[in-house]
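A closer look at the structure
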Amino acid sequence: MKSVLEVAVGAVVDRHGKILIAKRPDDKHQGGLWEFPGGKIEPGETQRQALDRELHEELAIDVKTATPLITIHHDYPDLSVRLKVWRIDRFEGDPHGREGQAVEWVAPTDLQNYSFPAANRPIVTALRLPPFYAILDDSTPSALFSNLKTILANGIKLIQLRLKKVTAGEAAEFIARILPLCRRHGASVLLNSAVSGIEASAIDGIHLTGKDLMALRERPDSQGWLAASCHNEAELRHAETVGVDFAVLAPVLPTATHPGARILGWQGFTALAETANIPVFGLGGLAKDDLARVREAGGQGVAGIRAFIETE
Ligand SMILES: Nc1nc2c([nH]c(=O)n2[C@H]2C[C@H](O)[C@@H](COP(=O)(O)OP(=O)(O)OP(=O)(O)O)O2)c(=O)[nH]1
Ligand SMILES: [Mg+2]
């Protein structure tokens, strides 16, 4: 078996939400491309010790708070790497390229304009995604609009419209009504793939049901987010293969709406989320304050149907 290079990587975020990237020297592996600073874990070091040392060496900063963002396994033709990526929101010192490398502060939405090593695509996705993903369900159609308003009032920036009960006409009408409101709140809207007849350009992305995901052979070339519902390893691997941006993995815990469903539990969620090479939201029986636990388990954040419409 080929050995895997273990790497600690830091996405350093300033108080404006900009992220520091650095240019890799031309003569190094993946040279000339932009990177998030970091480097190889040395024998006897923990991930976190390696992160602190590398960012001190490369940027002259002391890391104060680091939160797990995502772990990426990538096979380059000449080398396999495992990048453990941390988000760093608190640090001391004035970061600069201590080894002479160029550095830039970039807004998350502008990261796509820079050339990174192939392994970095999901890291950029994870940095663009918010920590919460609300699923607006139409099981009670009369509550749709008030639930949406509660979700927006709770500060949620990513919303899936899971409209399975209302007619296509009602769905289209609802979407036309709420989109300007969502835009004003800076929230992106994804449409569940079970809803048909909506112009894709009107929304910010598609959320595939597990069944639609498995029927997909390649990523459709429509713009915007492509997300998918996954329940097991096979679905997650397929999501990665077809180029899905992020997944929702469920059910983590038992829920009132699906009594008796086979749950993953924290252990099952952790095992799958840690090996996923795309950001994974946990869904099922979770609340906003489960975020830290989801991140520790290797997840991106919390998805929920009821979690964001309950008044706090
Ligand atoms: N630091 C970093 N490495 C990355 C990124 N993406 C990516 O594929 N890599 C790969 C390139 C390298 O093969 C490996 C990291 O090695 P490195 O060159 O940063 O290691 P280092 O700082 O210890 O370098 P060195 O002084 O020992 O040469 O991971 C990224 O965003 N940041
Ligand atoms: Mg390095």
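Note that the structure is a prediction, hence the values are computed from the model and not measured.

Calculation criteria
Residues numbered from 1 in each chain as written. Chains lettered and ligands numbered in written order. Predicted model: local features only at pLDDT ≥ 70, side-chain atom pairs only at ≥ 80, totals over all residues. Heavy atoms only, no water. Near = heavy atom within 4 Å. Polar contact = N/O pair within 3.5 Å; in protein donor to acceptor, adjacent residues only side chain to side chain. Areas by Shrake-Rupley, 256 points an atom, 1.4 Å probe, with all protein chains shown as cover. Helix = DSSP H or I, 4+ residues; strand = E, 2+ residues; numbered from the N terminus. Nonpolar A, V, L, I, M, F, W, Y, C, P; charged D, E, K, R; others polar. Salt bridge = Lys/Arg side-chain N within 4 Å of Asp/Glu carboxyl O. Buried < 20%, exposed > 50% of the residue type's maximum accessible area, 1.4 Å probe, protein only.

Residues in contact with ligand 1 amount to 19 residues; listed here are only the nearest, Arg-24, His-29, Phe-36, Tyr-76 and Asn-120. Note that an oxygen atom of ligand 1 is positioned 2.6 Å from one of the side-chain N or O atoms of His-29. At 2.7 Å, a side-chain N or O of Asn-120 approaches a nitrogen atom of ligand 1. Notes on ligand 1: free accessible area 620 Å², of which the protein chains cover 83%. Among the secondary structure elements, those contributing two or more residues to the shell around ligand 1 are strand S1 (4-12), strand S4 (38-40) and helix H1 (47-59). Broken down by element, the residue count for the shell around ligand 1 peaks at 3 residues, all from S4. Of the residues contributing to the shell around ligand 1, the split by class is 9 nonpolar, 4 polar and 6 charged.

Bringing the pattern of salt bridges into the picture now. As enumerated under the stated definition, the model contains 15 salt bridges in all. A salt bridge links Arg-24 to Glu-35; the shortest N-O distance between them is 2.5 Å. Here Glu-35 lies in strand S3 (residues 34-35) and Arg-24 lies in the loop between strand S2 (19-23) and S3, a separation of 11 residues in the sequence. Just as Arg-24 is buried, Glu-35 falls in that class too. Between Arg-87 and Asp-89 there is a salt bridge whose closest N-O contact spans 3.0 Å. On the accessibility criterion, Arg-87 (25% relative accessible area) is partly exposed. Asp-89 gets classed as partly exposed once you look at its relative accessible area, which sits at 38%.

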